[in-house]
Amino acid sequence: MAALREVLNFNSKCFRGVRSYFCSSPAFQYSSLSPNNASSNVQKLDFEESDTKRMSKAMKSYMERAKIHDNFIKEQLHQYNIGKRHLANMMGKDPEFFTQHDVNEAIRYLFPSGLYDPRARPMMKHPDEIYPKRKAAEFDMNGRPFHSLFYTSKPNYYNLLHDLAVKFKQLDNHEDKMIYRGIQDQQASELFLFGTDWVSKESLESVLLESLTDSQYSNLIKTMERFAQHRYAVREKNFIMQFRHQLAAQTEIQKIPELTRDESNRPFTTFSARRKRSNAFVKVIGEGTGLISINGEDILYFKRKQDKEQIIFPLEFCNMLGKVDVVATCEGVGMSGRVGSIRLAIAMCLRCFVDAETIERMRLAGLLSYDPRERERKKPGQPGAREKFTWKKR
Amino acid sequence: MMRYSRTCNIFRVWRRFSSISAESVPVTESITNGIFRTNESNPVNHRVEHNSRFYSISEPVKKQLFAGGGLPKEYQSLSETLNGLCIMVRKPAIELIHYLNKTNFDAPVLRYVLYGKTGVGKSLSLAHIVHYGSSAGFVLVHVPWVPKWFQYVKVATPSSVHANKYDQPIEAVEWLKHFSTQNGHLLDKLELKTSNTYTWSKREVTAEGSPLSELIDLGLNRAKYATGCIVALLDELKKAASSKQCRVLVVIDGFNSFFSRKSNVIREDKSMVLPSDFLLTDALLSLTRNDWNNGAVVVSVDPSAHPPELRESPLPRYLLGKTGFEHLDPFVPIEVQNYNDKEFRSQIDYYIERNWLQQPKARTDNGRAELSFTSGKHPYSLMRLVAPY
């Protein structure tokens, strides 16, 4: 109840401003802004009839277009549902329990495509996913917009900013009250944002159904940031969380392989990794003395200092030097690629021997990421990938 | 003022040339409470207790023994930087010293072959043995690095002594100089005499019964006959040793080069002169045969003494080939291995004490582990790993 009153108050406050700007004529008077409230005490004036008639024509065509679109969507939905049942029949499955996943599988089976881009391949999806959402009617039969900020041309966006402003004021009032009462109520308002990030511009656009420029988006995010840094921002946690998405920690996603026991009852894991056209297959055995074997030779298989250091790096990082044995075989062109693949494989194996905190540290150090860099192709008209022939002015 | 300058000088001398007199080198307590130095600077007394400890060689001894070669170049320059030549006493050298001390010199000469990967410490072990031989009163026949005689020959002339063989005048003179520096005082003391007459030309003759130093001087002055002089000298030494006039220690580094198939000398018809076609080869092969007594032969075989195609294995049978193996057989093989934990620790302690390793992490166990695993405890790799260049 209080919330609704608040909304109405807010709207009316806002509206008063709009009224002063747009409604210079004293003839127009509005009592409430609620779009559903059709009982507005509008005094009908002489010229209003013609105005409404003029507007009606524009409104009519708009309404017609809206109707056509609605019908179109309905038709598409109908066809989609029928199509689903047809597909289910074709695939011999139960039409009642035919999910979107089954639809995708069926399409992939019936229309195999060699196209590269997934979006170019044949698909059958719910019309809501294919056809962009449109806003509901933004103004009524008389041309009167429902939203007070309609004439900003991005009412939802600016509405959001206004909401923020009001909430800011409310938090400030609350803070004043707290200071007046002498309460040092402290909940760190920044901590609850950990592990999340602001939604992207695209997702915001799809929610607001309005296109935003980059500066508008960054403006909004900056305002949000400022808002979230308020001492009592926790009170508006739900509101803020609408605009933040969870950052999934890699370590939660990657499954750590199991340790198995070999003949002599020592735990070991294996992993194979690639880097730059070289492969490595590494076995890390626990309860070891630090023996390192690469293709049957010791670490001096690699002649360069940097190569040797690369092999040692994951072991040293996890303090496992001298505690595990490493048996590696590598193949492929080039020492650097071989070394990189062995390093990645050792790091991946070491995940089984260390605790979660060290794994996270390894991830941050870049030990657990595949290095996707490849040799860049030489282009015609150039001696190398980037190098150009000598430029002659004439 | 005299007094002040004298003490000042002594202080400067002690600080800069701390290894000049072996007795003045203090036994430094290692930072890890182990001891990595030893005061025992006479290699004759080196025993198992001295294993993995550094002993220092004084400057005059170093000049006498190694002026003509014998220390690996990088090790020599490093020792100059680190203010004194110190060699680690390791198992192969201790073993050899033990054998040499206990040798029955009436029996035919025993051959010892040091083998191992390149860079593992064979040359330094041989240097240790050279010092031992000098301290124990052996006459040293020391060839510092055989491939130098065949891969970088400056001049090769057809021999005057032997029809089908080749001389190496410059290398021979160099070696004679090295020999006389190493053994000069000993030869004077022993007063060895030639047992044959050597006619070099119409006017130059070395009569029977002339001192060996005359032979050496002739070789030093007349490069043309230097190789021949060496042949004669080694022959005489063999006879002298067998007749108990002196005791001879033969130390050769890179022995397998005598049996390699490459040299940089090419005849006019583009055919290569093999090491077996050189007169010096014959001389030394004769000396390393076990047909004499009252001496010992210590030899090393190294893959790097062969051209790159022949470096597959560090083992003696492969490196010597059939001829070489049959020549040396039977021999005592002594393997030189990578550092063990104690030796490695000692080496790191030495570097830290000499301020060669300056990172504080080097003193921690983690730092030592990192060095140990990155170098694979291989001596040469460790030296290159901690080098600044």
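All figures in this text were calculated on a predicted structure; none of them were measured in a lab.

Draft legend 1. Here's a closer look at the overall build of chain B. If you tally the helices and strands in chain B, you get 14 helices and eleven strands. Residues counted as buried form 51% of the 389 residues belonging to chain B. For chain B, restricting intrachain contacts to residue pairs at least 6 apart in sequence, the fraction spanning at least 24 positions comes to 71%.

Draft legend 2. Broad picture of the packing of helix α10 (residues 305-317) of chain A against helix α13 (residues 365-375) of chain B. Where α10 of chain A meets α13 of chain B, the closest approach of the two axes is 9 Å, and the angle between their N-to-C directions is 140°. Taken together, the axis directions place α10 of chain A and α13 of chain B in an arrangement best described as oblique. The two elements α10 of chain A and α13 of chain B cross, and the hand of that crossing is right-handed. Contacts from Lys-308, Glu-309, Ile-312 and Glu-316 of chain A of α10 of chain A reach α13 of chain B at Glu-370, Phe-373 and Thr-374 of chain B.

Draft legend 3. Summary view of the interface of chain A and chain B. Chain A puts 14 residues into the contact, and the matching count from chain B is 14 residues. Buried surface at the junction of chain A and chain B, both sides included, amounts to about 980 Å², of which 59% is carbon and sulfur. The interface formed by chain A and chain B contains two salt bridges. Counting across the interface, chain A meets chain B through two residue pairs in polar contact (both at pLDDT 80 or more). Residue contributions to the side of chain A that touches chain B peak at five residues, all from α10 of chain A. Grouping the constituent residues of the side of chain A that touches chain B by class yields five nonpolar, four polar and five charged.

Draft legend 4. Seen up close, the sheet that holds strand β7 (residues 325-332) of chain A. Residues and elements named next belong to chain A. Strand order in the open sheet formed by five strands is β3-β4-β5-β7-β6, with mixed pairing between adjacent strands. The strands lining the two open edges of the sheet, one partner per strand, are β3 (260-261) and β6 (292-294). One ladder, built from three bridges, connects β6 with β7; its direction is parallel. By the bridge assignment for β7, Ser-293 is matched with Val-327. Each of β4 (267-275), β5 (278-285), β6 and β7 touches helix α11 (residues 335-350); the most contacted strand, β4, lies at about 145° to it.

Draft legend 5. Main features of the packing of aromatic side chains. Enumeration according to the criterion identifies 25 aromatic pairs over all chains in this entry. For the pair Tyr-157 of chain A and Tyr-158 of chain A, a centre-to-centre distance of 4.9 Å together with 75° between the ring planes defines the contact as edge-to-face. Residues Phe-227 of chain A and Phe-239 of chain A carry aromatic rings whose centres are separated by 6.2 Å and whose planes lie at 90° to one another, so their mutual orientation is edge-to-face. Placement of Phe-227 of chain A in helix α7 (residues 214-228) and of Phe-239 of chain A in helix α8 (residues 237-241) is noted, with a sequence separation of twelve residues between them. The exposure class assigned to Phe-239 of chain A is buried, which follows from its relative accessible area of 12%. Ring pairing ties together the aromatic residues Phe-150, Tyr-166, Phe-255, Phe-258, Phe-259 and Phe-278 of chain B, which thus form one cluster. Positioned above the aromatic ring of Trp-198 of chain A, the side-chain terminus of Arg-244 of chain A is 4.5 Å from the ring centre. Directly above the ring of Phe-325 of chain B sits Arg-317 of chain B, whose terminal nitrogen or CZ lies 5.6 Å from the centroid.

Draft legend 6. View of helix α8 (residues 212-221) of chain B. All names here are of chain B. By the burial criterion, the buried members of α8 are Leu-212, Leu-215, Ile-216, Leu-218 and Gly-219. Seen along its axis, α8 keeps its buried residues to an arc of 160°; they face one direction. On its buried face, α8 sits against α7 (169-190), β7 (198-199), β8 (205-206) and α9 (226-242).

Draft legend 7. How the structure looks around the packing of α10 of chain A against α11 of chain A. Residue and element names in this part refer to chain A. One way to put it is that α10 packs onto α11 with a least axis distance of 8 Å and a crossing angle of 10°. The orientation of α10 with respect to α11, classified from their angle, is roughly parallel. Only Met-335, Val-339, Ile-342, Arg-343, Ile-346, Ala-347 and Leu-350 of α11 make contact with α10, whose side of the interface consists of Asp-307, Gln-310, Ile-311, Phe-313, Pro-314 and Leu-315. Looking at side-chain class alone, the contact of α10 with α11 contains ten nonpolar, one polar and two charged residues.

Draft legend 8. Region of interest: the nonpolar core. All names here are of chain B. Ranked by internal contacts, the top residues of the largest apolar core, which has 58 residues, are Val-141, Trp-175, Leu-237 and Phe-258. A per-element tally of this core places α9 first, with nine residues. Among all residues touching Val-141, those that are not within four sequence positions of it are Trp-175, Phe-179, Leu-234, Leu-237, Val-248, Leu-249, Val-250, Val-251, Leu-284 and Leu-287. Counting 51 residues, the second-largest nonpolar core is a separate cluster that includes Cys-86, Val-89, Ile-97 and Tyr-339.

Draft legend 9. Quick look at the pairing of β4 of chain A. All names here are of chain A. Alignment of β3 against β4, held across two bridges, turns out to be antiparallel. If you follow Thr-260 over to β4, its bridge partner there is Phe-268. Counting the residues in the hairpin turn of β3 and β4 gives five residues, including Asn-265, whose phi is positive at 65°. Where β4 and β5 come together, eight bridges link them in antiparallel fashion. Note that in β5 the partner of Thr-270 across the bridge is Lys-283. Between the antiparallel neighbours β4 and β5 lie two residues, among them Lys-276 with a positive phi of about 55°.

Draft legend 10. Spatial organisation of the pattern of salt bridges. Residue and element names in this part refer to chain A. Counted according to the given criterion, the structure contains 37 salt bridges over all chains. With its nearest N and O atoms 2.8 Å apart, the salt bridge here joins Arg-266 to Asp-325. You can see Arg-266 sitting in the loop between β3 and β4 and its partner Asp-325 sitting in strand β7, a full 59 residues away along the chain. Under the relative-accessibility criterion, Asp-325 is labelled buried at 7%. The salt bridge involving Glu-374 is made with Arg-277; its shortest N-O contact spans 4.0 Å. Here Glu-374 is found in the segment after α12 (356-365), whereas its partner Arg-277 is found in the loop between β4 and β5, with 97 residues between them in sequence. According to the relative accessible area criterion, Glu-374 is partly exposed, its value standing at 46%. Classification of Arg-277 as exposed rests on a relative accessible area of 69%.

Draft legend 11. Examining the sheet that holds strand β3 (residues 110-115) of chain B more closely. Residue and element names in this part refer to chain B. What the five strands build is an open sheet, ordered β4-β9-β10-β3-β11; its pairing is parallel. The open sheet has two free edges, formed respectively by β4 (139-143) and β11 (332-335), since each of these has just one partner strand. Strand-to-strand twist in this sheet, taken as the mean axis angle between neighbours without regard to direction, amounts to 15°. Pairing geometry for β3 and strand β10 (residues 295-301), over six bridges, is parallel. Across the sheet, Val-113 pairs through a bridge with Val-299, a residue of β10. Against the sheet, helix α10 (residues 279-287) engages β4, β9 (248-253) and β10, with an angle of about 135° to β4. The strands that helix α11 (residues 316-328) touches are β3 and β10; relative to β3, the one it contacts most, it runs at about 170°.

Draft legend 12. Expanded view of the side chain of Thr-206 of chain B. Looking at the element boundaries, Thr-206 of chain B is found in strand β8. Among all residues touching Thr-206 of chain B, those that are not within four sequence positions of it are Asn-196, Thr-197, Tyr-198, Trp-200, Glu-214, Leu-215 and Leu-218 of chain B.

Draft legend 13. Geometry of the environment of Met-178 of chain A. The residue Met-178 of chain A is located in helix α5 (residues 155-181) in this model. Residues in contact with Met-178 of chain A, not counting those within four places in the same chain, are Ile-183 and Tyr-232 of chain A.

Draft legend 14. How the structure looks around unusual backbone geometry. Cis geometry marks the peptide bond from Asp-329 of chain B to Pro-330 of chain B, where omega comes out at -5°. By the secondary structure assignment, Pro-330 of chain B is in the loop between α11 and β11. Even without being glycine, Lys-276 of chain A reaches a positive phi, approximately 55°. Position of Lys-276 of chain A among the secondary structure elements: in the loop between β4 and β5. What makes Lys-276 of chain A partly exposed here is its relative accessible area of 34%. Here Arg-277 of chain A, not a glycine, exhibits a phi torsion of approximately 70°, which is positive.

Reading the values: the criteria
Residues numbered from 1 in each chain as written. Chains lettered and ligands numbered in written order. Predicted model: local features only at pLDDT ≥ 70, side-chain atom pairs only at ≥ 80, totals over all residues. Heavy atoms only, no water. Helix = DSSP H or I, 4+ residues; strand = E, 2+ residues; numbered from the N terminus. Buried < 20%, exposed > 50% of the residue type's maximum accessible area, 1.4 Å probe, protein only. Contact = heavy atoms within 4.5 Å. Axes fitted to C-alpha atoms, helices over the stretch in contact; angles between N-to-C directions. Parallel < 35°, antiparallel > 145°, perpendicular 65-115°, else oblique. Left-handed = near helix turned anticlockwise from the far one by under 90°. Buried area = accessible area lost by both parts, 1.4 Å probe. Salt bridge = Lys/Arg side-chain N within 4 Å of Asp/Glu carboxyl O. Polar contact = N/O pair within 3.5 Å; in protein donor to acceptor, adjacent residues only side chain to side chain. Nonpolar A, V, L, I, M, F, W, Y, C, P; charged D, E, K, R; others polar. Pairing = 2+ DSSP bridges. Phe/Tyr/Trp six-rings, centres within 6.5 Å; stacked < 30°, edge-to-face > 60°. Lys NZ or Arg CZ within 6 Å of the ring centre and 35° of its normal. Arc of directions from axis to C-beta. Core = buried A, V, L, I, M, F, W, Y, C linked by side-chain atoms within 4.5 Å.

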